[in-house]
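Structural overview
Each chain, written out:
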Protein chains: 2
Amino acid sequence: MTSVTLAQVAQRAGVSTATVSMVLRNRGRISPATRERVLKALDETGYVYNQTAANLRNRSSNQVGLLLHDITNPFYAEMTAGLSHEMERHELLLFLANSEESEDRQQKFVDSLMRNSACGMVLCAARATPASFFAALKRRNIPAIMVVRPLSDPDFDFVGTDNFLGAQMATTHLIQLGHRNIAFIGGGANSGTRAQRVGGFTSTLLENDLTPVPEWIVMAQASQIDGAKAAASLLSRYPQITAAVCYQDIVALGVMQALRAAGRKPGQDFALVGFDDITEAALVQPALTTVSVAAKEIGRKAGELLYSRIQGNDEPPKRIILPPALVIRESCGGPRAGVDR
Amino acid sequence: MTSVTLAQVAQRAGVSTATVSMVLRNRGRISPATRERVLKALDETGYVYNQTAANLRNRSSNQVGLLLHDITNPFYAEMTAGLSHEMERHELLLFLANSEESEDRQQKFVDSLMRNSACGMVLCAARATPASFFAALKRRNIPAIMVVRPLSDPDFDFVGTDNFLGAQMATTHLIQLGHRNIAFIGGGANSGTRAQRVGGFTSTLLENDLTPVPEWIVMAQASQIDGAKAAASLLSRYPQITAAVCYQDIVALGVMQALRAAGRKPGQDFALVGFDDITEAALVQPALTTVSVAAKEIGRKAGELLYSRIQGNDEPPKRIILPPALVIRESCGGPRAGVDR
DNA sequence: TTGTACGCGTTATCAA
DNA sequence: TTGATAACGCGTACAA
């Protein structure tokens, strides 16, 4: 399995390695006759380009990294698909790693990318990432796009969704349906995304002359069980609440459970809006009205931006905020929505 | 951003590059004193190992590829997580690509891996992959593990699940619950996986003195909508059917929809078993009884095997078939299952 | 178009 | 026993 080298191809074609290299990359001026001879030699020898040698010489590679905390989360899987597609379009290879929220794994991955001369990366940083991590990253001077989790550092490119607007849309929808006592359920501490959604929620209440009630804004882990618990406790204490914006669809599903357990009917005497538009949202009964955040599009945009950075685009850092969309289904009452997706 | 080289570190430590290299990789005999000096110099200079140079020299890399058709499918996302975890354990980097069932993209990815001297790959080949693809792969002589989709070629390692057994378990479960008119819904033509599941289904019927009805074995794309359509058409024609084994959970979810639209109640007057145990299966109402194929475990096993091949394990090709498990929930009636997962 | 120095870590060979 | 020397892997880019 001795691999063919450029030199061998060159010898066979009776030209220099420089010529072969230029033919391979369509650079410089090569006469059609020579090119023909080279192509023939390439074909005959079954030459395989050695990207490693090229990378060494170029001090860079065609490889980019993607760091997530959990590819198993449908949202991130979608995003990955969008990014992957974009990378393939540009002949870039995509490294994938799951941090599982461990700073350690995250750091290891980034170090690994550096050792391999990756030409860029897309990061959804672990929740507890220290500032030093970002500082070090800046010093590396390698294109890095942050995604999904809002980052206060203005020196990084960011692609995410407009959580504030999304929450506004959800809240407005509920208010327009006549609700006045609206809760916000879900999300954990230290979540910038949650902060933004809560912000959109409360500001919309205020705009509509409603006073936010702090006790009606509660946290819940990203699970159905936890959403149900949070809702049960909340609703038993404040039965006057008639609607809720949920931090995530999965939490909303839990809230539905709690409602039923309390003898209330989601979609009839209680209105519910979720966030994410996960597959299940369309499946439950009543189908969940939710804010869709276009995961695939985030991946695509991040890929696009990263590519332009790799190409040398040195405009100031960008923040690409994708507009969310309210997908109206049945969980707030009203007529059944038509087919969606 | 002039990067530090081994030579610079060596100079600073007053040793040769060979010594530094040996210290870095814990090879050869180095006196503690020298090692100390080298480590100090490494630290002081902020040296970053150049994996590319090492790869060039070694004619190989620490990078492996994973080819799927669709990372968006929860099953593959799980598998990816398992593989990714295993790769990180061994300090290997994972390239990800989605073929989207295109042979062309698939071929491009593999070519790309070759150019980059990847040290191995895990493939879930596109459905219409020609034999020539596999033949060429063999010639490359690079460790390659096939996953999930059954492959007749005995020259490749394979990790997958026992589809036949899984379908038998699902079917037996339905028969034990008293069902006699059972359908099989889902899967497409040219699917080896489907063939195995249908095989397990029909053989179990026969073992129980039931006659398979060909018209009750229908295809459906891997989507909820398509599952619903297939089921609607089937059930309107054969209302005597009281249970179904579904090719995938996602199809089962569609079938549930169709049942409701037809005024029937999944879990009460119709029993449903799915395949895959995707997250949604536990969330829908009624929660879906399904055959779990341990996607994460497939990824892990594939990673383990691949690593051993990379290490030089040249035993004959292996076929690792993981046992499926029936996860009983509510969609076949009976008492509510307890907590699962 | 060509000749060739260069990018940088690895390892076989050899010296102390 | 410990460490140095130098050839090597292979594509790239610039001077000629």
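It should be emphasised that the depicted structure is a prediction, and the values quoted were computed from it without experimental measurement.

Calculation criteria
- Residues numbered from 1 in each chain as written.
- Chains lettered and ligands numbered in written order.
- Predicted model: local features only at pLDDT ≥ 70, side-chain atom pairs only at ≥ 80, totals over all residues.
- Heavy atoms only, no water.
- Near = heavy atom within 4 Å.
- Polar contact = N/O pair within 3.5 Å; in protein donor to acceptor, adjacent residues only side chain to side chain.
- Helix = DSSP H or I, 4+ residues; strand = E, 2+ residues; numbered from the N terminus.
- Nonpolar A, V, L, I, M, F, W, Y, C, P; charged D, E, K, R; others polar.
- UniProt positions renumbered as here; feature names shortened; annotations may be inferred.
- Core = buried A, V, L, I, M, F, W, Y, C linked by side-chain atoms within 4.5 Å.
- Buried < 20%, exposed > 50% of the residue type's maximum accessible area, 1.4 Å probe, protein only.
- Contact = heavy atoms within 4.5 Å.
- Least-squares fit on C-alpha atoms with pLDDT ≥ 70 in both.
- Pairing = 2+ DSSP bridges.
- Axes fitted to C-alpha atoms, helices over the stretch in contact; angles between N-to-C directions.
- Buried area = accessible area lost by both parts, 1.4 Å probe.
- Salt bridge = Lys/Arg side-chain N within 4 Å of Asp/Glu carboxyl O.
- Right-handed = clockwise from strand over helix to strand, strands pointing away.

Further remarks concern the protein's contact with DNA strand C. Around DNA strand C, the structure places 28 residues, and the nearest of them are Thr19, Ser31, Thr34 and Arg57 of chain A together with Tyr49 of chain B. By atom count, sugar and phosphate contribute 71% of the portion of DNA strand C lying within 4 Å of the protein. Here a phosphate oxygen of DNA strand C and a side-chain polar atom of Thr34 of chain A are 2.3 Å apart. Leu6 of chain B has a polar backbone atom sitting 2.7 Å from a phosphate oxygen of DNA strand C. Elements that contribute at least two residues to the surface near DNA strand C include exactly helix H2 (17-25) and helix H4 (51-58) of chain A together with helix H2 (17-25) and helix H4 (51-58) of chain B. Residue composition of the surface near DNA strand C, grouped by class: eleven nonpolar, eleven polar and six charged.

It is worth spelling out the UniProt feature "domain: HTH lacI-type" (unreviewed entry) in chain A at this point. UniProt marks residues 4-58 of chain A with the feature "domain: HTH lacI-type" (unreviewed entry), using the numbering shown here. Helix and strand shares over residues 4-58 of chain A are 71% and 0% respectively, and the end C-alpha atoms of the span are 21 Å apart.

Residues Val147 of chain A together with Met79 and Val147 of chain B are the most contacted members of the largest nonpolar core, which totals 92 residues. Those residues in contact with Val147 of chain B, other than ones at most four positions away along the chain, are Met79, Val122, Leu123, Cys124, Phe158, Val159, Ile298 and Ala302 of chain B. Counting 42 residues, the second-largest nonpolar core is a separate cluster that includes Leu151 and Phe158 of chain A together with Phe109 and Ala125 of chain B.

Turning chain A through 180° and shifting it by 0.6 Å along the axis lays it on chain B, with an RMSD of 0.9 Å. In symmetry terms, the pair is related by a two-fold rotation axis. Within chain A, Phe95 of chain A has its C-alpha nearest the rotation axis, a separation of 2.0 Å. Residue by residue, 92% of the interface of chain A is reproduced at the interface of chain B, so both copies engage with the same surface.

Further remarks concern the environment of Arg140 of chain A. Residue and element names in this part refer to chain A. Relative to the helices and strands, Arg140 is located in helix H7 (residues 131-140). The class for Arg140 is partly exposed, based on a relative accessible area of 26%. Placed 26 residues apart in sequence, Arg140 and Met114 show a C-alpha to C-alpha distance of 8.3 Å.

As a further point, take the sheet that holds strand S12 (residues 325-327) of chain A. Residues and elements named next belong to chain A. As summarised here, the arrangement of the six strands in space is S7-S6-S8-S9-S10-S12, forming an open sheet in which the pairing is mixed. In the strand order of this sheet, the two ends are held by strand S7 (217-218) and S12, each with one partner. Note: strand S8 (residues 243-246) against strand S9 (residues 271-275), three bridges, orientation parallel. Looking across to S9, one finds that Val245 is bridged to Val273. Each of strand S6 (182-185) and S7 touches helix H10 (residues 224-237); the most contacted strand, S6, lies at about 150° to it. Lying on the sheet, helix H11 (residues 249-261) is in contact with S6, S8, S9 and strand S10 (289-292); it crosses S9 at an angle near 155°.

Taken together, the contacts link 49 residues of chain A with 48 residues of chain B. Note on chain A versus chain B: buried area summed over both sides is about 4300 Å², and carbon and sulfur give 55% of it. Considering only the surface of chain A that becomes buried against chain B, Leu93, Arg115 and Leu283 of chain A emerge as the three largest contributors, covering 14% of it. Connecting chain A to chain B are two salt bridges. Elements supplying a minimum of two residues to the side of chain A that touches chain B: H4, helix H5 (74-89), strand S2 (93-98), helix H6 (103-115), H7 and H11 of chain A. Of all the elements, H5 of chain A adds the most residues to the side of chain A that touches chain B, at seven residues. In terms of residue class, the side of chain A that touches chain B is built from 20 nonpolar, 19 polar and ten charged.

The next subject is the pairing of strand S8 (residues 243-246) of chain B. As a general feature of sheets, a regular strand has side chains that alternate between the two faces. On S8 of chain B, burial covers both faces: Ala243 and Val245 of chain B on one face and Ala244 and Cys246 of chain B on the other are all buried. A crossover connection joins S8 of chain B to the parallel strand S9 (residues 271-275) of chain B through helix H11 (residues 249-261) of chain B; in handedness this β-α-β unit is right-handed.

Across all of its chains, the model carries 28 salt bridges over all chains by this definition. Arg12 of chain A serves as the salt-bridge partner of Glu44 of chain A, at 2.7 Å between the closest nitrogen and oxygen. Remark: Arg12 of chain A occurs in helix H1 (residues 6-13) and Glu44 of chain A occurs in helix H3 (residues 32-45); sequence separation between them is 32 residues. Exposure remark for Arg12 of chain A: the relative accessible area of 52% places this residue in the exposed category. A salt bridge links Glu100 of chain B to Arg105 of chain B, with the shortest nitrogen-to-oxygen separation between them at 3.7 Å. What you see here is one network of salt bridges that share partners, running through Arg12, Lys40 and Glu44 of chain A.

Time to look at the protein's contact with DNA strand D. Inspection of the region around DNA strand D gives 27 residues, with Ser21, Tyr49 and Arg57 of chain A together with Thr34 and Arg57 of chain B positioned closest. Backbone atoms, meaning sugar plus phosphate, form 73% of the atoms of DNA strand D positioned within 4 Å of the protein. Here a phosphate oxygen of DNA strand D and a backbone polar atom of Leu6 of chain A are 2.7 Å apart. Within the side chain of Arg25 of chain A, one N or O atom sits 3.0 Å away from a phosphate oxygen of DNA strand D. Elements with a contribution of two residues or more to the surface near DNA strand D: H2 and H4 of chain A together with H2 and H4 of chain B. For the surface near DNA strand D, the element with the highest residue contribution is H4 of chain A, accounting for four residues. Per-class residue counts for the surface near DNA strand D are eleven nonpolar, ten polar and six charged.

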